Amino acid sequence: MPISPTFLTRACTGAALATLASLALAQQAAAPAAAAAAAPALRTERALSLPLANQIAAATVAACAANGYAVTATVVDRAGTVRAVQRADNAGPHTVAASERKAFTSASGKAPTLAMMENAQKNPGAANLVNIPGFLLLGGGVPIKAGNEVIGAVGVGGAPGGHLDDQCANAGLESVKAQLGA
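Heads up: these notes are all about the structure in this document. Small disclaimer: the values here were computed from a predicted structure and weren't measured.

## A few points about the packing of aromatic side chains
Phase 1 of the analysis: Following the criterion strictly, the structure yields one aromatic pair and no others.
Phase 2 of the analysis: Pairing F104 with F135 gives two aromatic rings, centres 6.1 Å apart and planes at 75°, and the pair type is edge-to-face. Note that F104 is positioned in helix α3 (residues 94-109) and F135 in the loop between α4 (113-122) and β3 (141-146), a separation of 31 residues in sequence.
Phase 3 of the analysis: For F104, a relative accessible area of 24% gives the class partly exposed.
Phase 4 of the analysis: Of the residues examined, F135 reaches a relative accessible area of 7% and is grouped as buried.

Next up, the structure:
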């Protein structure tokens, strides 16, 4: 039986399309590998030094003390690991855990805990944030930024309201602004 020119054209076109599709899939599979090969194997990050962490904690406690509030300030690195803690005389024992959890929450979420709390209250989809172990959605946790990069957070517990804890944290960060490149 002779092969018609139409059949031959369709068969070649189908084979060509299959070949092109195979090549396209191979390129898509190779693209992430090429990107990974082009990316450096090691990253460089800015890190919060211990002297700076202590300075932030001290300035934060001092800012609250100036307003008559006995608080604890905890400073954590980008991973939420504690770098410095300062507890004012007469600060309640609960303020240590509260400040650490606020700092952890802010560093993890890369946002102020006051904003995270307000978002969780308004957005039913964010309401489950309160169920994440270690999270505390109360005002008083503020990210520490070097330029636009979050390198840690400071958390404050003990003022009579999260908004006041937040003000103290921001005052402490303001005192080291020049050292952060902000």
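## Section: the sheet that holds strand β4 (residues 149-157)
Phase 1 of the analysis: Spatially, the four strands line up as an open sheet ordered β2-β1-β4-β3, and their pairing is antiparallel. A strand with exactly one partner marks an edge of an open sheet, and here the two such strands are β2 (82-87) and β3. In this sheet, adjacent strand axes meet at a mean angle of 20° when their direction is disregarded.
Phase 2 of the analysis: Sheet topology places strand β1 (residues 72-77) next to β4; six bridges connect them, and they run antiparallel. Within the sheet, the bridge partner assigned to T72 lies in β4 and is G157.
Phase 3 of the analysis: In this fold helix α2 (residues 50-66) packs onto β1, β2, β3 and β4, with an angle of close to 30° to the strand it touches most, β2.
Phase 4 of the analysis: Strands in contact with helix α5 (residues 162-174) are β3 and β4; relative to β3, the strand with the most contacts, it is inclined by about 20°.

## Here we look at unusual backbone geometry
Phase 1 of the analysis: One non-glycine residue, N90, lies in positive phi territory at about 75°.
Phase 2 of the analysis: Tracing the backbone through its elements, the reader meets N90 in the loop between β2 and α3.
Phase 3 of the analysis: Exposure remark for N90: the relative accessible area of 77% places this residue in the exposed category.
Phase 4 of the analysis: A positive phi angle, close to 55°, is found at K110, a residue other than glycine.

## Describing the pairing of β4
Phase 1 of the analysis: Of all nine residues in β4, eight are buried, a share of seventy percent or more.
Phase 2 of the analysis: Strand direction decides the pairing type here: β3 and β4, joined by six bridges, are antiparallel. Within β4, the position partnered with K145 by the bridge is V150.
Phase 3 of the analysis: Hairpin connection from β3 to β4: two residues lie between these consecutive antiparallel strands, with G147 at a positive phi of about 65°.

## Concerning the side chain of D166
Phase 1 of the analysis: Within the secondary structure, D166 sits in helix α5.
Phase 2 of the analysis: K102 provides the closest opposite charge to the buried, salt-bridge-free D166, at an N-O distance of 8.4 Å.
Phase 3 of the analysis: Those residues within four positions of D166 in sequence are excluded, and the remaining contacts are L114, G140, G141 and V142.

Analysis parameters
- Residues numbered from 1 in each chain as written.
- Predicted model: local features only at pLDDT ≥ 70, side-chain atom pairs only at ≥ 80, totals over all residues.
- Heavy atoms only, no water.
- Phe/Tyr/Trp six-rings, centres within 6.5 Å; stacked < 30°, edge-to-face > 60°.
- Helix = DSSP H or I, 4+ residues; strand = E, 2+ residues; numbered from the N terminus.
- Buried < 20%, exposed > 50% of the residue type's maximum accessible area, 1.4 Å probe, protein only.
- Pairing = 2+ DSSP bridges.
- Axes fitted to C-alpha atoms, helices over the stretch in contact; angles between N-to-C directions.
- Contact = heavy atoms within 4.5 Å.
- Lys, Arg positive; Asp, Glu negative; His and termini not counted.
- Salt bridge = Lys/Arg side-chain N within 4 Å of Asp/Glu carboxyl O.

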